[in-house]
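Chain by chain, the residues run as shown.
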Amino acid sequence: MCRSFVGKYEENGKEKTSGRFNLGVCTVALPYAALKAKGNKELFFKELEELCDKAYDFNQLRIERMKGTKASVAPILWMYGALAKLKADETIDHLFYNGNATCSIGYAGLFEALEVIGDESKDFALEVLQFMKDKTKEYTQESKISYGLYGSPFESGCHRLTKAIKKSFPEWKFEREFITNS
């Protein structure tokens, strides 16, 4: 689980906040998609879709690994009420679905991706975010787990990600040692 914000959720007509949790975030490196597409907008969205799908697959793998976990593994969370009040031998699987838990697709480097594409307009930035938001809706329908779009804080990752992108694309002339986070 992670520290990401869990959005509004209603259960039986009442807003529920207690016991909700996020199963994790997988962050998409937007400049990577832009560089791989060589600045071409149409190709960028194809690359972005591929990265979003990989993030979804990674999150689903994480969920599959958690299935079968008994409440007794973390009693404060699953038995004593921090997130649920289950019996020790009950599994936590059923808590993942239908809005109780969320999974997030994060993003980092939106500004840098816009620079690479050559369109730094607000409209294009919103188009990128809407594309990703639409993908999370698709993933929610497919998995029955609530997916959301998440501007990853990614404080420590912004530098690491920049180094990795520069290694993959040494021709990228980028002076800073970090990409922007949310």
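Residues numbered from 1 in each chain as written. Predicted model: local features only at pLDDT ≥ 70, side-chain atom pairs only at ≥ 80, totals over all residues. Heavy atoms only, no water.

Here the focus is the pairing of strand S4 (residues 101–108). It is a general feature of regular strands that their side chains alternate between the two faces of the sheet. Most of S4 sits out of view: eight of its eight residues are buried. Here S4 shows a buried face lined by Ala-101, Cys-103, Ile-105 and Tyr-107 and a second buried face lined by Thr-102, Ser-104, Gly-106 and Ala-108. Alignment of S4 against strand S5 (residues 146–151), held across six bridges, turns out to be parallel. Within S5, the position partnered with Ile-105 by the bridge is Leu-149. (Buried < 20%, exposed > 50% of the residue type's maximum accessible area, 1.4 Å probe, protein only. Helix = DSSP H or I, 4+ residues; strand = E, 2+ residues; numbered from the N terminus. Pairing = 2+ DSSP bridges.)

The next subject is unusual backbone geometry. Although it is not a glycine, Asn-98 sits at a positive phi angle of roughly 60 degrees. Looking at the secondary structure, you find Asn-98 in the loop between helix H3 (75–78) and S4. On the basis of relative accessible area, Asn-98 is assigned to the exposed category, the value being 57%. The backbone phi angle of Lys-144 is positive, close to 65 degrees, even though this residue is not glycine.

So, about the state of the cysteines. Across all of its chains, the model carries zero disulfides by this definition. Cysteine Cys-26 is unpaired, with the sulfur of Cys-103 as its nearest cysteine sulfur at 9.4 Å. On the basis of relative accessibility, which here comes to 17%, the residue Cys-26 falls in the buried class. Cys-26 supplies the cysteine sulfur nearest to Cys-52, a cysteine that is in no disulfide, at a spacing of 9.7 Å. Among the residues examined, Cys-52 registers a relative accessible area of 1% and is labelled buried. (Disulfide = S-S within 2.5 Å.)

Spatial ordering of the open sheet is given by S3-S4-S5, a layout of three strands whose pairing is parallel. Of all the strands in the sheet, just strand S3 (21–29) and S5 have a single pairing partner and so form its edges. Each neighbouring strand pair of the sheet contributes to a mean axis angle of 25 degrees, computed without reference to strand direction. Along the sheet face, helix H5 (residues 122–143) touches S3, S4 and S5 and points at about 155 degrees away from the line of S5. (Axes fitted to C-alpha atoms, helices over the stretch in contact; angles between N-to-C directions. Contact = heavy atoms within 4.5 Å.)

This part takes up the packing of aromatic side chains. Under the criterion given, the structure shown has 11 aromatic pairs. Seen in terms of ring centroids, Phe-44 and Phe-124 are 6.2 Å apart; in terms of plane orientation they differ by 55 degrees. Their pairing is tilted. Of this pair, Phe-44 sits in helix H2 (residues 41–66) while Phe-124 sits in helix H5, and the two are 80 residues apart along the sequence. On the basis of relative accessibility, which here comes to 2%, the residue Phe-124 falls in the buried class. Ring centres of Phe-45 and Phe-124 lie 6.0 Å apart, and the angle between their planes is 85 degrees; on these two criteria the pair is classed as edge-to-face. In this pair, Phe-45 sits in helix H2 while Phe-124 sits in helix H5, placing the two residues 79 residues apart along the sequence. Here the two residues Phe-45 and Phe-124 agree in accessibility, since each one is buried. (Phe/Tyr/Trp six-rings, centres within 6.5 Å; stacked < 30°, edge-to-face > 60°.)

What follows covers the side chain of Ser-152. As for its placement among the helices and strands, Ser-152 is situated in the loop between S5 and helix H6 (157–168). A distance of 2.6 Å separates polar atoms of two side chains, one belonging to Ser-152 and the other to Thr-27. (Polar contact = N/O pair within 3.5 Å; in protein donor to acceptor, adjacent residues only side chain to side chain.)

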